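Coordinate analysis (summary)
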Amino acid sequence: MAMPKPAPASDRRISLRRRIDRVAKIHFGSGTLPRDCLITDISEGGVRLHLEAIEVQDEFVLLLSGVDVGPRERLYRVVWRLGYEIGARFVRNVARAGTG
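Quick look at the structure, then. (Residues numbered from 1 in each chain as written. Predicted model: local features only at pLDDT ≥ 70, side-chain atom pairs only at ≥ 80, totals over all residues. Heavy atoms only, no water.)

**Here we look at the sheet that holds strand E1 (residues 18–27)**
Sheet strands associate in pairs through backbone hydrogen bonding, adopting either a parallel or an antiparallel arrangement. To keep things clear, this is the line we draw: For two strands to be treated as a pair, DSSP must find at least two bridges joining them. Numbering of helices and strands starts at the N terminus; helices are DSSP runs of H or I of at least 4 residues and strands are runs of E of at least 2. To obtain each axis, a line is fitted to C-alpha atoms, and for helices this fit is confined to the stretch in contact; angles are then taken between N-to-C directions over 0 to 180 degrees.
The strand order around the closed barrel formed by six strands is E1-E2-E3-E6-E5-E4, and the pairing between neighbours is antiparallel. Mean inter-strand twist for the sheet, computed between neighbouring axes without regard to direction, equals 45°. Bridge count for strand E5 (residues 72–82) against strand E6 (residues 85–93) is eight bridges, and the pairing is antiparallel. In the sheet register, Arg74 faces E6, and the bridge partner there is Asn93.

**Concerning the packing of aromatic side chains**
Formally: Ring geometry is summarised as follows: Phe, Tyr and Trp rings, the Trp one being its six-membered ring, pair when their centres sit within 6.5 Å, and such pairs are stacked at plane angles under 30 degrees, edge-to-face over 60 and tilted between the two. Per-residue accessibility, obtained with a 1.4 Å probe over protein chains only, is compared with the maximum for each type, and a residue is labelled buried under 20%, exposed over 50%, and partly exposed between these values.
Applying the stated criterion across every chain yields a total of two aromatic pairs. A centroid spacing of 5.9 Å and a plane angle of 20° characterise the contact between Phe60 and Tyr76, whose relative ring orientation is stacked. Here Phe60 is found in strand E4 (residues 59–64), whereas its partner Tyr76 is found in strand E5, with 16 residues between them in sequence. Each member of the pair Phe60 and Tyr76 is classed as buried. Look at Tyr76 and Phe90: their rings are 6.0 Å apart centre to centre, the planes differ by 70°, and that puts the pair in the edge-to-face class. One end of the pair, Tyr76, is in strand E5; the other, Phe90, is in strand E6, and 14 residues separate them in sequence. Accessibility expressed as a relative area gives 1% for Tyr76, which makes it buried. Pairwise contacts between aromatic rings join Phe60, Tyr76 and Phe90 into one cluster.

This is the structure we're talking about:
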C-alpha cells in the first residue's frame, strides 16, 4: 500500500482545498450591490477567487450557494493578490437579518 505524499513545505494550508470553478457573489458592505466572481478553489480555511475589473477591499462577504455547500454568507480577509486573483482566509459566518 502506497503512503500518501506529504504536502510541499511551501504549502501552508491547514485544510484540504477543493477545486470548484463556480460563480458566486462578492459583497463589500451596505450601500453596495453584490458583484459576480469566480471561485477557483475553496477550503474550510479560505478561498481563491478570480475577479476582473473589481477592486476588492481587504474584507468582504462571499455569498455562495449550491447543492454541495448550501447557502452561505461568509466573511473573508484578503491574504494575497496576484493580477486578477486573490486568496482570502475565512474569518466567520455572517448571520442574515431575521434568521436568528
